[in-house]
Amino acid sequence: MSDFRRELAAQLRVDSIRAAAAAGSGHPTSSMSAADLMAVLLDGHLRLRYDRPDDPANDHLVFSKGHASPLYYAMLKAAGAVSDDELLGFRTFGSRLEGHPTPRIPPTDVATGSLGQGLPVAVGLALAGKRLDRLPYRVWVLCGDSEMAEGSMWEAIQHAGWAGLDNLVAIIDVNRLGQTRETMLGWDVDGYAERLRAFGWHTVVVDGHDVDAVDRAYAEAEGADRPAAVVARTEKGHGVAVVEDKPGKHGKPLDDPRAAIAELGGERDLAVSVAAPADGTPYRFPPGSADPPTWRVGEEVATRKAYGVALAALGARDGAVVALDGEVSNSTHSELFAEAHPERYFEMFIAEQLMLAAAVGMQARGWKPFASTFGAFWSRAADFVRMAAVSRADLRLCGSHAGVSIGEDGPSQMALEDLAFFRAVHGSTVLHPSDANQTAQLVRAMAEVPGISYLRTLRGATKVRTPADEHVRVGGSRVVREGDDLAIVACGITVDEADAAAELLAAQGVRARVVDCYSVKPIDVDTLVAAARETAGLIVVEDHWPQGGLGEAVLAALAEADVQATVRHLAVRDMPVSGKPAELLAAAGIDAEAIAAAARVIIGRTG
């Protein structure tokens, strides 16, 4: 067995070198350091049906050090999941074997390559295994030592220890060398182990090139009653003298791959019969019944409260819905879901990167995660959202406390960039309802929307204008009042201000159309084009910076439709301070008075 595993490790190294050489790029030396670790895993500890990658009982393997993709693909070849020809198509246009792994190649759960993300995603997979699927699969994660400098790794390590995730094993490849220099701890494997133990992990320090020692370490990790870490001392480029433990060799093919392959004993054609897991069926929470919440027209309700009520009702009807929150659930009102469905609620504490990554892990297992925090704090997880799109993940995110209208808490709590960011995410849906009935319908719609959807909610109460039986849809809008002199386009809190401005203008004989663009992406192009053609001009008003929000969405829609129109854009342009919501809306020039003044300019009146 030991001899076979050594030969398999040599094959994984050789194939990593071959793949990078064929591509003319890649990270073979980072792959070579972990080859023994992966050979032992593949041949003795992983339980995964590569011919049935969707089997719910399968173990999960996450390459957090995604740049070691040549090694990952070499493993797929050894397991019979890809051919040698496909392996040598690494990094070519159209190949499933991209520069860093993505779910385009089964059984890959998520895209990695942005360091610090694989272990947090694995926490989500492990939570799903224990609390949702209720299956005994194990989640294995190959981590690089360089990424141990990322704070998100320690968010994951802390949470896993707190949650007692004994189905999670992190394999830390301590090869000492980063991209440009030695890592902070170098080969101080005990230093890594001590830190991990402080967070409640079982740790095993091992020579990462001793296959028998690695085998024993894995067995010990599998028997632990807590998350386990195998901290392995390795050499970057191990097995080839010209690159072994040499700086400056990161991220490039070997200069003489033929000589390197000869030094490793030549090409091999070993195949591994990876062990299969025991059959298992994931648990499913039985659906119940709950009427969708509704509110009477004229009621004053905060959309954040409506989000919580609607999410709890959705959870009653759909057992696949789960909720995560960043320890602000009494502000986002996801606490209502937690009270109704405690088995499907996950407190992620003040760790937004981990929360987003855990949601990605859960959706990879077929669950429907809704994750919430203040809209401003999603910016901390921006790269995780970006990578979730690369993973083709289906996520539903809620950001509360939007804009200056939150009032006295001040600009550190005000989401003013969120629309711009989420609009820029590939395949995203961006929603900003103005009242409770819109919110409730959009929450239901989000459960079935593919990709990443974002719902922006408000701290303060707004008047319910949308009748409960009026259809609200992704890509839709609502004409709050008709008018043919000009149109005011708004979303969220500025719908109230736009309607109030229309009242002021009506007293002066100006008929303003008010359009509630609750769907910012996709936007209702037909309604905007009609407003542009049928009135003297548009005023777009939003509680957001001028860049990237509703205003630019409207302008892009009109440009795409080849419609010329006079457009005045009102947005927050100066850094806000603390104050009452009305004071802040006025100071930003986005309240009713400011809208009415802009309207008079468009129609040429000064009264």
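Data block above holds the structure.
Only a predicted model underlies this, so the values are computations on that prediction, with no experimental measurement involved.

### As for the packing of aromatic side chains
So, step 1. Per the stated rule, a full pass over the model turns up 11 aromatic pairs.
So, step 2. Considering the side-chain rings of W154 and F199, the 5.6 Å spacing of their centres and the 40° angle between planes classify their relative orientation as tilted. On the criterion of sequence distance, the pair formed by W154 in helix α7 (residues 151-163) and F199 in the loop between α8 (189-198) and β4 (202-207) is long-range, its members being 45 residues apart.
So, step 3. Taking relative accessible area as the criterion, W154 reaches 19% and is therefore assigned buried.
So, step 4. Classification of F199 as partly exposed rests on a relative accessible area of 30%.
So, step 5. Ring centres 5.0 Å apart and planes at 70° place the aromatic pair F421 and F422 in the edge-to-face group.
So, step 6. Judged by relative accessible area, which is 26%, F421 ranks as partly exposed.
So, step 7. Following the ring pairs from residue to residue traces out a cluster consisting of F63, Y72, Y73 and F90.
So, step 8. Its guanidinium or amino end placed over the ring of F346, R131 lies 4.0 Å from that ring's centre, counting from NZ or CZ.

### Some details on the sheet that holds strand β1 (residues 60-63)
So, step 1. Pairing is parallel in the open sheet, where 5 strands are placed in the order β1-β2-β3-β5-β4. Edge positions in the open sheet fall to β1 and β4, since each of these has one partner strand only. Along the sheet, successive strands turn relative to each other by an average axial angle of 20°, direction set aside.
So, step 2. Looking at chain direction, β4 and strand β5 (residues 228-233) are connected through 6 bridges and run parallel. Within the sheet, the bridge partner assigned to D207 lies in β5 and is R233.
So, step 3. Packed on one face of the sheet, helix α4 (residues 69-78) meets β1 and β2 (139-144) and runs near 150° to β1.

### Points about the sheet that holds strand β19 (residues 567-570)
Each strand in a sheet pairs with another by means of backbone hydrogen bonds, the pair being arranged parallel or else antiparallel.
So, step 1. The strand order across the open sheet formed by 5 strands is β14-β16-β15-β18-β19, and the pairing between neighbours is mixed. Only two strands of the sheet have a single partner each, and these edge strands are β14 (478-481) and β19. Pairwise comparison of adjacent strand axes, ignoring direction, gives a mean angle of 25° for this sheet.
So, step 2. Sheet topology places strand β18 (residues 538-541) next to β19; 4 bridges connect them, and they run parallel.

### So, helix α11 (residues 303-317)
So, step 1. For α11, with 15 residues, the first-to-last C-alpha span of 21 Å sits near the 21 Å given by 1.5 Å per residue.
So, step 2. When you tally the buried positions in α11, you get 12 out of 15 residues, the bulk of the element.
So, step 3. Among all positions in α11, only T303, R304, A306, Y307, G308, A310, L311, A312, A313, L314, G315 and A316 are buried.

### Some words on the pattern of salt bridges
Where side chains of opposite charge bring their charged atoms close, a pairing between them can arise.
So, step 1. For the coordinates displayed, the defined rule picks out 37 salt bridges.
So, step 2. Measuring nitrogen to oxygen at the nearest pair gives 3.3 Å for the salt bridge that ties R465 to D499. Placement of R465 in the loop between β13 (461-463) and β14 and of D499 in helix α18 (residues 493-506) is noted, with a sequence separation of 34 residues between them.
So, step 3. In this structure R465 comes out as buried when scored by relative accessible area, which is 15%.
So, step 4. Taking the shortest distance from any N to any O, the salt bridge between R513 and E534 comes out at 2.8 Å. One end of the pair, R513, is in strand β16 (residues 512-516); the other, E534, is in helix α19 (residues 525-534), with 21 residues separating them in the sequence.
So, step 5. The class for R513 is buried, based on a relative accessible area of 9%.

### Brief notes about the pairing of strand β12 (residues 452-456)
So, step 1. Within β12, 5 of the 5 residues are buried, leaving the element largely enclosed by the surrounding structure.
So, step 2. With 5 bridges connecting them, strand β10 (residues 395-400) and β12 associate as parallel partners. Considered in β12, the bridge of L395 is made with I452.
So, step 3. Between the parallel elements strand β11 (residues 429-431) and β12, the chain passes through helix α17 (residues 436-446) in a crossover that is right-handed.

### Some remarks on the side chain of T439
So, step 1. Positionally, T439 belongs in helix α17.
So, step 2. Accessibility expressed as a relative area gives 0% for T439, which makes it buried.
So, step 3. Setting aside residues no more than four positions away along its own chain, T439 makes contact with T303, A306, Y307, P433 and L455.

### Some remarks on the packing of helix α1 (residues 2-23) against helix α3 (residues 35-45)
So, step 1. Orientation of α1 relative to α3, taken along the N-to-C sense of each, is 125°, at an axis distance of 8 Å. With respect to each other, α1 and α3 are oriented oblique. The chirality of how α1 crosses α3 is right-handed. Facing F4, R5, L8, A9, L12 and R13 of α1, the residues of α3 in contact are A35, D36, M38, A39, V40, D43 and G44.
So, step 2. Taken together, the residues that form the contact of α1 with α3 break down as 8 nonpolar, 1 polar and 4 charged.

### A word on unusual backbone geometry
Trans peptide bonds make up the majority, and among non-glycine residues the majority have a negative phi.
So, step 1. Between P106 and the following residue, P107, the backbone shows a cis peptide bond with an omega angle of 5°.
So, step 2. Of note, P107 is situated in the loop between α5 (84-87) and α6 (118-133).
So, step 3. A cis geometry characterises the amide bond from K521 onward to P522, with omega recorded as -5°.
So, step 4. Along the chain, P522 turns up in the loop between β17 (519-521) and α19.
So, step 5. Positive phi, close to 55°, is recorded for R134, a residue that is not glycine.

### Considerations on the packing of helix α14 (residues 352-364) against helix α15 (residues 382-390)
So, step 1. It is at 8 Å that the axes of α14 and α15 come closest, and there the two elements cross at 15°. Put simply, α14 runs roughly parallel to α15. In this structure, α14 crosses over α15, and the sense of that crossing is right-handed. Seen from α14, the contacting residues are Q353, L356, A357 and V360; seen from α15, they are F384, V385 and A388.
So, step 2. Looking at the contact of α14 with α15 residue by residue, the classes come out as 6 nonpolar, 1 polar and no charged.

### Here we look at the side chain of H45
So, step 1. Here H45 shows up in helix α3.
So, step 2. We classify H45 as buried; its relative accessible area is 6%.
So, step 3. A distance of 3.1 Å separates the side chain of H45 from the side chain of E222, its partner in a polar contact.
So, step 4. Every residue in contact with H45, bar those within four places of it in the chain, is listed here: V40, D59, W140, D215, Y218, A219 and E222.

### Comments concerning helix α9 (residues 211-222)
So, step 1. Between its first and last C-alpha atoms α9 spans 16 Å; for 12 residues at 1.5 Å apiece the expected length is 16 Å, and the two agree.
So, step 2. Turning to α9, its buried residues number three or more, namely V211, A213, V214, A217, Y218 and A221. Relative to the axis of α9, the buried residues are bounded by an arc of 155° and lie together on one face.
So, step 3. Buried positions along α9 lie against α1, α3, β2, β3 (168-174), β4 and β5.
So, step 4. The N-capping residue of α9, defined by a side-chain oxygen 3.1 Å from the backbone nitrogen of D212, is D210.

Conventions we followed
- Residues numbered from 1 in each chain as written.
- Predicted model: local features only at pLDDT ≥ 70, side-chain atom pairs only at ≥ 80, totals over all residues.
- Heavy atoms only, no water.
- Phe/Tyr/Trp six-rings, centres within 6.5 Å; stacked < 30°, edge-to-face > 60°.
- Helix = DSSP H or I, 4+ residues; strand = E, 2+ residues; numbered from the N terminus.
- Buried < 20%, exposed > 50% of the residue type's maximum accessible area, 1.4 Å probe, protein only.
- Lys NZ or Arg CZ within 6 Å of the ring centre and 35° of its normal.
- Pairing = 2+ DSSP bridges.
- Axes fitted to C-alpha atoms, helices over the stretch in contact; angles between N-to-C directions.
- Contact = heavy atoms within 4.5 Å.
- Expected span 1.5 Å × (residues − 1).
- Salt bridge = Lys/Arg side-chain N within 4 Å of Asp/Glu carboxyl O.
- Right-handed = clockwise from strand over helix to strand, strands pointing away.
- Parallel < 35°, antiparallel > 145°, perpendicular 65-115°, else oblique.
- Left-handed = near helix turned anticlockwise from the far one by under 90°.
- Nonpolar A, V, L, I, M, F, W, Y, C, P; charged D, E, K, R; others polar.
- Polar contact = N/O pair within 3.5 Å; in protein donor to acceptor, adjacent residues only side chain to side chain.
- Arc of directions from axis to C-beta.

Read these as geometric descriptors, not functional statements.
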